[in-house]
Amino acid sequence: MRPGPAGAAALANGSRSQIKVLRPEILAPVERASAPEGPLPLDEILIGDCLEELARLPASSVDLVFADPPYNLQLESTLSRPDQSVVDAVDDEWDKFASFADYDAFTKAWLAAVRRVMKPQATIFVIGSYHNIFRVGAALQDQGYWILNDIVWRKTNPMPNFRGRRFTNAHETLIWAAKDSGAKNYRFNYELLKAGNEDCQLRSDWLFPICTGHERLKDESGRKTHPTQKPEALLARILLAASHAGDVVLDPFFGSGTTGAVAKRLGRHFVGVEREEAYAAAARRRIAAVESLPPEAVAPAPSKRSEPRVPFSAVVEAGLIEPGAVLVDEKGRHRAVVRADGALGLGAITGSIHKIGALAQGLPACNGWTFWHFRRGDRLEPIDALRSMMRERLRAAEGSD
């Protein structure tokens with residue numbers, strides 16, 4: 001492809017490193033019609049410019065966005081290994097921009113287009129490298145997105161730095177953001193993630209290998225179908241963390257279809273946008289071969305925040321524990337008496353299960369449901385077990401209405 005006007009000027013001036021192919025949407029913005037009110041094209045790959053295709057989607061219609069935009073790697077020359085073999089690096093036209101200003105304009109445009117189709121409580125994950133992620137992060141904040149986390153994907157098998165002039169680039173960064181600062185009920189499957197992480201909170205540094213082996217799509221000649229194909233394990237964690245079965249996941253840079261393949265397996269819907277027909281064709285074949293997991297394997301874990309509120313007084317009133325019963329901590333160091341009004345007595349002090357638990361330990365706060373235990377037979381159990389019994393009764397009562 002011949003360079004555009006900016007590229008021609010750079011050639012005339014003898015510039016080496018900033019001769020880039022300009023994207024059509026930057027050179028000539030397209031007049032876009034209002035989005036239709038029709039249904040989303042679920043589980044489809046839309047072929048075309050991402051800005052034009054996003055403009056056709058209905059507003060406030062998707063639950064989660066995963067975006068793997070061009071990184072603008074700014075490669076100046078062919079990369080070679082010490083044995084002089086050529087590295088299969090990202091040198092495709094879709095990753096080339098004439099300047100940082102053009103890249104920023106494109107970033108702002110697609111972020112605005114994506115934000116329009118996000119539901120009020122939807123969130124977005126954007127992945128990038130040091131080449132682009134800081135520019136993307138600034139654009140996110142400028143447009144009103146509210147950053148929730150930055151996540152480091154640490155690669156177990158990164159490409160080495162062949163020239164020995166820098167640290168091995170062993171990670172990429174994901175930015176997780178809500179649509180705006182007022183989004184308080186965004187999806188985050190905290191209990192599910194914690195349960196799968198041996199009851200420990202999941203951290204913001206994730207360890208996965210880059211996409212290799214049978215998962216890596218290749219053409220007839222053995223060459224990688226897509227140079228930046230992401231591992232399915234990475235997308236699975238994102239979808240499991242921030243969506244439920246039946247939700248709609250949008251990927252505006254669909255590539256080889258990792259988002260669609262994982263969405264289908266996990267019982268989510270997807271909408272993909274991809275301008276390269278060759279990538280889309282490979283993605284369709286890949287997704288068609290995926291089998292969805294059974295519903296019970298992808299059902300959302302119950303969230304404690306969504307459970308009905310049960311005060312300790314209701315547990316006492318229901319007769320699940322008697323007034324005068326003695327509660328102790330797990331190691332039997334502290335004792336408190338259950339009062340008829342649902343409060344606890346600690347000597348001459350009366351208060352809630354939380355306040356008395358905190359006072360007993362000399363701490364500013366305490367979760368009394370897990371701190372205080374009662375005796376059932378020959379073992380101690382947390383009074384949270386009694387709250388669970390109350391919630392089961394409430395569910396049964398609601399089901400009988």
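Residues numbered from 1 in each chain as written. Predicted model: local features only at pLDDT ≥ 70, side-chain atom pairs only at ≥ 80, totals over all residues. Heavy atoms only, no water.

**Side note on the pairing of strand S13 (residues 373–376)**
Bridging between S13 and strand S14 (residues 379–382) involves four bridges; their strand directions are antiparallel. What sits directly across from arginine 376, in S14, is arginine 379. (Pairing = 2+ DSSP bridges. Helix = DSSP H or I, 4+ residues; strand = E, 2+ residues; numbered from the N terminus.)

**Some remarks on the confidence of the model for the protein**
In the predicted model, the protein carries a mean pLDDT of 85, and the fraction of residues at 70 or more is 83%. Below pLDDT 50 for its whole length, residues 1–33 participates in 44 contacts with residues either more than four positions away or in separate chains. The model gives residues 77–90 a pLDDT under 50, and that stretch makes 26 contacts with residues more than four places away or in other chains. (pLDDT = per-residue confidence, 0-100. Contact = heavy atoms within 4.5 Å.)

**Some thoughts on the pattern of salt bridges**
Across all of its chains, the model carries 16 salt bridges by this definition. Through salt bridges with shared partners, a single ionic network connects Glu232, Arg265 and Arg286. (Salt bridge = Lys/Arg side-chain N within 4 Å of Asp/Glu carboxyl O.)

**Structural notes on the side chain of glutamate 232**
Topologically, glutamate 232 is positioned in helix H7 (residues 232–242). Classification of glutamate 232 as buried rests on a relative accessible area of 17%. If we skip the residues at most four places from it in the chain, glutamate 232 touches Glu215, Thr258, Ala261, Val262, Arg265 and Arg286. (Buried < 20%, exposed > 50% of the residue type's maximum accessible area, 1.4 Å probe, protein only.)

**Observations regarding the pairing of strand S10 (residues 335–338)**
Residues of S10 alternate between two faces, with Ala336 and Val338 buried on one and Arg335 and Val337 left unburied on the opposite face. Where strand S9 (residues 326–328) and S10 come together, three bridges link them in antiparallel fashion. Bridge pairing in S10 places valine 326 opposite valine 337. Taken together, S9 and the strand that follows it, S10, pair antiparallel across an intervening segment of six residues, in which glycine 332 is found at a positive phi of about 75°. Pairing analysis gives two bridges linking S10 to strand S11 (residues 344–346), with the strands arranged antiparallel. In the strand pairing of S11, valine 338 is matched with leucine 344.

**A look at the environment of lysine 230**
Tracing the sequence through the fold places lysine 230 in the loop between strand S6 (205–208) and H7. Counting along the chain gives 14 residues from lysine 230 to arginine 216, while the straight-line C-alpha distance between them is 8.9 Å. Filtering out sequence-adjacent residues up to four positions away, lysine 230 remains in contact with Asp68, Tyr71, Ile127, Trp153, Glu172, Cys211, Glu215, Leu235 and Thr258. Of note is the side chain of lysine 230, whose polar atom sits 3.5 Å from the side chain of tyrosine 71. (Polar contact = N/O pair within 3.5 Å; in protein donor to acceptor, adjacent residues only side chain to side chain.)

**Things to note about empty space enclosed by the protein**
A probe as big as a water molecule, rolled over the atoms, marks out the empty space that is left. Tallying each qualifying case throughout the model produces one cavity of 30 Å³ or more. What the largest cavity holds in volume is close to 30 Å³. Taken together, Asn189, Leu192, Leu240, Ser243, His244, Ala245, Arg268, Val298, Ala299 and Pro300 make up the full set of residues lining the largest cavity. Of the residues assigned to the lining of the largest cavity, the class counts are six nonpolar, three polar and one charged. (1 Å grid on protein atoms, 1.4 Å probe; cavity = no way out; pocket = protein on both sides within 12 Å on 5 of 7 lines; lining within 4 Å. Points joined across faces, edges and corners; volume = space filled by probe spheres on them. Nonpolar A, V, L, I, M, F, W, Y, C, P; charged D, E, K, R; others polar.)

**Remarks on the nonpolar core**
Within the largest apolar cluster, 33 residues are counted, with the highest numbers of intra-cluster contacts made by Trp110, Val114, Ile124 and Leu250. Considering every element that reaches this core, the biggest residue donor is helix H4 (residues 100–117), with seven residues. Apart from the residues lying within four places of it in its own chain, the contact partners of tryptophan 110 are Cys50, Leu51, Leu54, Ala67, Pro69, Ile124, Val126 and Phe253. (Core = buried A, V, L, I, M, F, W, Y, C linked by side-chain atoms within 4.5 Å.)

**Considering helix H8 (residues 258–265)**
Within H8, six of the eight residues are buried, leaving the element largely enclosed by the surrounding structure. Every buried residue belonging to H8 is among Thr258, Thr259, Gly260, Ala261, Val262 and Ala263, and all of these are buried. Buried-residue contacts for H8 involve strand S2 (62–67), H7, strand S7 (248–251), strand S8 (269–274) and helix H9 (277–288). Backbone geometry just downstream of H8 places glycine 267 in the positive-phi region, at approximately 75°.

**Notes on the sheet that holds strand S3 (residues 118–128)**
Hydrogen bonding along the main chain pairs the strands of a sheet, whether they run parallel or antiparallel. Taken in spatial order, the eight strands of this open sheet run S1-S8-S7-S2-S3-S5-S4-S6, and their pairing is mixed. Both outer strands of the open sheet, strand S1 (44–47) and S6, are each paired with one neighbouring strand and no more. Here the average twist between neighbouring strands, direction ignored, is 20°. Across four bridges, S7 lies against S8 in parallel orientation. Considered in S8, the bridge of leucine 250 is made with valine 271. Contacts between H4 and the sheet are confined to S2, S3 and S7, with S3 contributing the most and set at about 145° to the helix. (Axes fitted to C-alpha atoms, helices over the stretch in contact; angles between N-to-C directions.)

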